[in-house]
Amino acid sequence: MPPVLRATDISKSFGAVQALDKARLTVERGEIHALLGANGCGKSTLCKIIAGTVGRDTGEVLIDGQAAALGSPRLAEEQGVALFYQELSLVPQLSVGDNIFLGREPRTALGFTDRAAIVRATEALIARVAAVAGKGFTPDARVADLSPDQRQLAEILKVLARKPKIIIFDEATATLDRRQVEVFFDILRELRAEGISSIFISHRMDEVFAIADRITVMRNGQTVAEFAAAETDRYAVVYAMVGETGAIAASVRDHAPLKGDVRLSVEAARAARLGPVSFTAQRGEILGLGGLQGQGQKALLSGLFGAEPFQSGRVVLDGVDVTARRPVDAMAHRIAYVSGDRARDSALPGRSIFENTAIASLVRERRHVIPGAVFRERFSNVLAGLNTRYAGLDAPIGSLSGGNQQKVFISRWLSPSPGLLLLDDPTKGIDLGAKGDFYLLARKLADEGAAVIIYSSEDSELLSLCDRVLVLNGGVVTADLSGDRLTPFDLTRASYGDAA
Amino acid sequence: MTGFSKLGGRTWIVTAAALIVLLVVNTLLQHNFLEPSVVQSNLTTFLPLVLVAIGQTYVILGGDIDLSVGAIVALVNVVTVTVIASLGGDGMAVGLGLLAGMGVGAGCGLINGLIIAGLRFQPIVTTFATSIVFSGLALWVLPQAGLPVPEPYWRTYAGTILGLPTVYVIYLVAFLLAAFLAARPFMTRLKAVGGQRTAAFQTGVDLGKLRVSAFVLSGLFGAFASLCLTGETASGDPLMGQSLAMSAISAVVLGGTALAGGVGGVLGSVLGAWVVGMIGSVIFFAGLPFEYQTLVQGLIILAALAGGVLVTRR
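First, a word on scope: everything that follows refers to the structure included in this document. (Residues numbered from 1 in each chain as written. Chains lettered and ligands numbered in written order. Predicted model: local features only at pLDDT ≥ 70, side-chain atom pairs only at ≥ 80, totals over all residues. Heavy atoms only, no water.)

### So, helix α16 (residues 402–411) of chain A
Item 1. A large share of α16(A) lies buried, amounting to nine of its 10 residues.
Item 2. Among the residues of α16(A), those classed as buried are A:Gly403, A:Asn404, A:Gln405, A:Gln406, A:Lys407, A:Val408, A:Phe409, A:Ile410 and A:Ser411. (Buried < 20%, exposed > 50% of the residue type's maximum accessible area, 1.4 Å probe, protein only. Helix = DSSP H or I, 4+ residues; strand = E, 2+ residues; numbered from the N terminus.)

### Things to note about the nonpolar core
Residue and element names in this part refer to chain B.
Item 1. Of all hydrophobic cores here, the largest spans 67 residues; its most connected members are Ile54 and Tyr58.
Item 2. With 13 residues, the top contributor of residues to this core is helix α2 (residues 36–61).
Item 3. Sequence-distant contacts of Tyr58, defined by excluding residues within four places in its chain, comprise Ala178, Leu181, Phe186, Met187, Leu190, Ala214, Leu217, Phe221 and Val266. (Core = buried A, V, L, I, M, F, W, Y, C linked by side-chain atoms within 4.5 Å. Contact = heavy atoms within 4.5 Å.)

### Details of the interface of chain A and chain B
In many analyses, interface size is given as the accessible surface area lost on bringing the parts together.
Item 1. Facing 24 residues of chain A, the contacting portion of chain B comprises 22 residues.
Item 2. Summing the contributions of chain A and of chain B, the shared interface buries around 1,900 Å²; its carbon and sulfur component is 56%.
Item 3. Counting the surface chain A buries against chain B, the share from its top three residues, A:Gln93, A:Leu102 and A:Phe112, is 24%.
Item 4. At the surface where chain A touches chain B, the tally comes to one salt bridge.
Item 5. In this structure, the salt-bridge partner of B:Arg189 is A:Glu105, at a minimum N-O distance of 2.5 Å.
Item 6. If you look at where chain A meets chain B, you find seven residue pairs in polar contact (both at pLDDT 80 or more).
Item 7. Across the side of chain A that touches chain B, the residue classes tally to nine nonpolar, five polar and 10 charged. (Buried area = accessible area lost by both parts, 1.4 Å probe. Salt bridge = Lys/Arg side-chain N within 4 Å of Asp/Glu carboxyl O. Polar contact = N/O pair within 3.5 Å; in protein donor to acceptor, adjacent residues only side chain to side chain. Nonpolar A, V, L, I, M, F, W, Y, C, P; charged D, E, K, R; others polar.)

### A word on the side chain of B:Thr44
Residue and element names in this part refer to chain B.
Item 1. Looking at where Thr44 falls in the secondary structure, it is placed in helix α2.
Item 2. In this structure Thr44 comes out as buried when scored by relative accessible area, which is 13%.
Item 3. In contact with Thr44, other than residues within four places in its own chain, are Tyr157, Val167 and Glu232.

### What about the pairing of strand β2 (residues 17–27) of chain A?
All names here are of chain A.
Item 1. As paired elements, strand β1 (residues 5–14) and β2 share seven bridges and run antiparallel to each other. By the bridge assignment, Ala7 is partnered in β2 with Leu25.
Item 2. The turn joining β1 and β2, which pair antiparallel and follow one another in sequence, is formed by two residues; a positive phi near 60 degrees is taken by Gly15. (Pairing = 2+ DSSP bridges.)

### Some thoughts on the packing of helix α8 (residues 185–195) of chain B against helix α10 (residues 207–233) of chain B
All names here are of chain B.
Item 1. One way to put it is that α8 packs onto α10 with a least axis distance of 10 Å and a crossing angle of 105 degrees. By the angle between their axes, α8 is roughly perpendicular relative to α10. Counting all contacts with α8, which are made through Phe186, Arg189, Leu190 and Val193, the residues of α10 involved are Leu207, Leu210, Arg211, Ser213, Ala214 and Leu217.
Item 2. Residues belonging to the contact of α8 with α10 are distributed by class as follows: seven nonpolar, one polar and two charged. (Axes fitted to C-alpha atoms, helices over the stretch in contact; angles between N-to-C directions. Parallel < 35°, antiparallel > 145°, perpendicular 65-115°, else oblique.)

### A few points about unusual backbone geometry
All names here are of chain A.
Item 1. The phi angle at Asp64 is positive, at roughly 55 degrees, despite the residue not being glycine.
Item 2. Mapped onto the elements of the fold, Asp64 is located in the loop between β4 (58–63) and β5 (66–67).
Item 3. Look at Asp64 and you get partly exposed, because its relative accessible area is 23%.
Item 4. Even without being glycine, Asp318 reaches a positive phi, approximately 55 degrees.
Item 5. With respect to the helices and strands, the residue Asp318 is situated in the loop between β14 (312–317) and β15 (320–321).

### Digging into a nonpolar patch on the surface
Residues and elements named next belong to chain B.
Item 1. Taken together, Val21, Val25, Leu29, Phe284 and Phe285 make up a surface patch of nonpolar side chains, about 430 Å² in accessible area.
Item 2. Elements with a contribution of two residues or more to the nonpolar patch: α1 (11–29) and α12 (266–285).
Item 3. Considering each element in turn, the nonpolar patch owes the most residues, three residues, to α1.
Item 4. Position of Phe284 among the secondary structure elements: in helix α12. (Patch = residues over 30% accessible without salt bridge, like charges linked within 9 Å, V, L, I, M, F, W, Y side chains within 5 Å. Areas by Shrake-Rupley, 256 points an atom, 1.4 Å probe, with all protein chains shown as cover.)

Printed below as a string of structure tokens:
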């Protein structure tokens, strides 16, 4: 019998970025298949291609030995592929039952919605998870009134109701507690017994070895290893994810960290899906936040800046409580924040470079009238120092390349220079030359005494830039890596919650 | 969950309470308020607003808005009277005129829907623009008010069908139509489209078709309202129904349908339309000077809306 899914030679580019390069994936009937890899290895893209939400450039996907047309989510679903979404596919205003059967409502002979059938079928589905469903999880309950983990369960039930051949679970256990994960695994095993296959993406190595039959590892858009879970161990898997331990670009990191005093201390910070997190950062230290995407790194940075304030906890900078309720509080204490999502978080689109630069100073210095001449001179100097190429301060921000735009957004925070610089995946989508300038700038600011905290989705960036890396998994710090332990292997291993 | 909660939130409770208060006040102001003939005459007055509000409910549930219904009412009216007049005014002509009117209403809705769902224009701006176009067309079809409809038309409207007053028959048909739609998957899917568009899309719901259908329904119910108004005025008027769109939106919101979409239902909108209508008659019979009427009507609607919002928020 052919495997239920065989994808071969799958390639996909997004612009200049090659997300997948002849990747392959084979899933047998009735198996739980874990798909692993570091951030940006292409595992999500591969899943999206199989689920029909992203088109492929080249390659072939066979389902039950037949060439599958996967042009849209609906086509993929008709061929038995279902993708589990994280809360995105539920309509909060509708009931659990209406959500599960949305678009495929059972009908009476006259074509009316068969409400009794929906309630019956939903009750049968809920019975499968009765042990963890919790209070108020009924077919008639509105999804908006459910707790986050109940929504996750509803999402799983919605997928199950489609009776697919292959289910792709992308981080399905992220919001579940231990007991709910057990129930989820029971569901997976039950599906396996029914001959249904699951593709399981997880950020917890324990889970992978607890549930998976086989493991496929991806790196840089390619499939690099396939294991039977029973015949391998986690070291082999982590090695496959990391590859040849490459030479670390030592230029930036190769210096003795300042033996400075503690500048920043964070005590038991908590937010939604974060914490409690406690750590300190020293004067002149570049502290990295590592781990797989979405483990609370961004929440930590935006909490420190007050954009999404912490629910509890305390932040102390130079002995002063700087726990921010709003960004303007943070700015008053010389805390700066640079986001990698420039379009969403940084740019004043259509406005001039000058305005984009001056905006933070206007707020911080409580200016109501722009001191044009003073600011122009100040920011011309700052931008020149950053090696920024631009036609003139009055050119629109959109006329610059991504890398030069990012320099403008950093320059906002450089006069006076910041005490704490928060960098949220700051080099996303900028060219190599600008990245180099950027690293040097971060190092320079740290050497001048600033505390720098950087989150990056690229492990190599953290490894080459940071003095120390805190690895987050599920919203808590699982490892604190520095010195000899700051290696690709340890970082990847810790990312999967497998701290030594 | 009871059936009532399907009306949407708790806003409808406030609206029902407002309705009762208005009934009591009206009964005190007009001693014959509860006589069958007066009830019928009031329900006749409210009927166009009720119909427009029903149609508007579908559009708002789908997360859109239709500001052009007032203009559709005018356009349907002038097309209908013109068709009837040019075909000679006999029974056949009236029938064709009614069909032409409904066709125009549905067609206007279709245009709105295709522009908004197909070309992805903003509904509020688009329907504002098309309302100007429809008004312009109405003036082009019939530049001046006039052109009376034949006697059988308005006699039937004011009379009875099978022993029931025609107006009640229209209410009944409208309710049956709404109940029919509410029992079909259409309604759930429309709420999904208005509630969380990305979720509906990922689930494979055909967003475009549903949004266009909602606009067609709004246009069609606008046409029904126009044909009723024509039965009352018995003539053509290119400026008819101008305030209907806004009153209907107030009625829908009063009835518990969220302007953001996804929550609500037709029954609430009907209650809301009656409330808006009765506010008008209370002010009139309270003997308020004419120049204050609109102002007071606006303030009462605002208060009723605020009450609904506050109750829902709790």
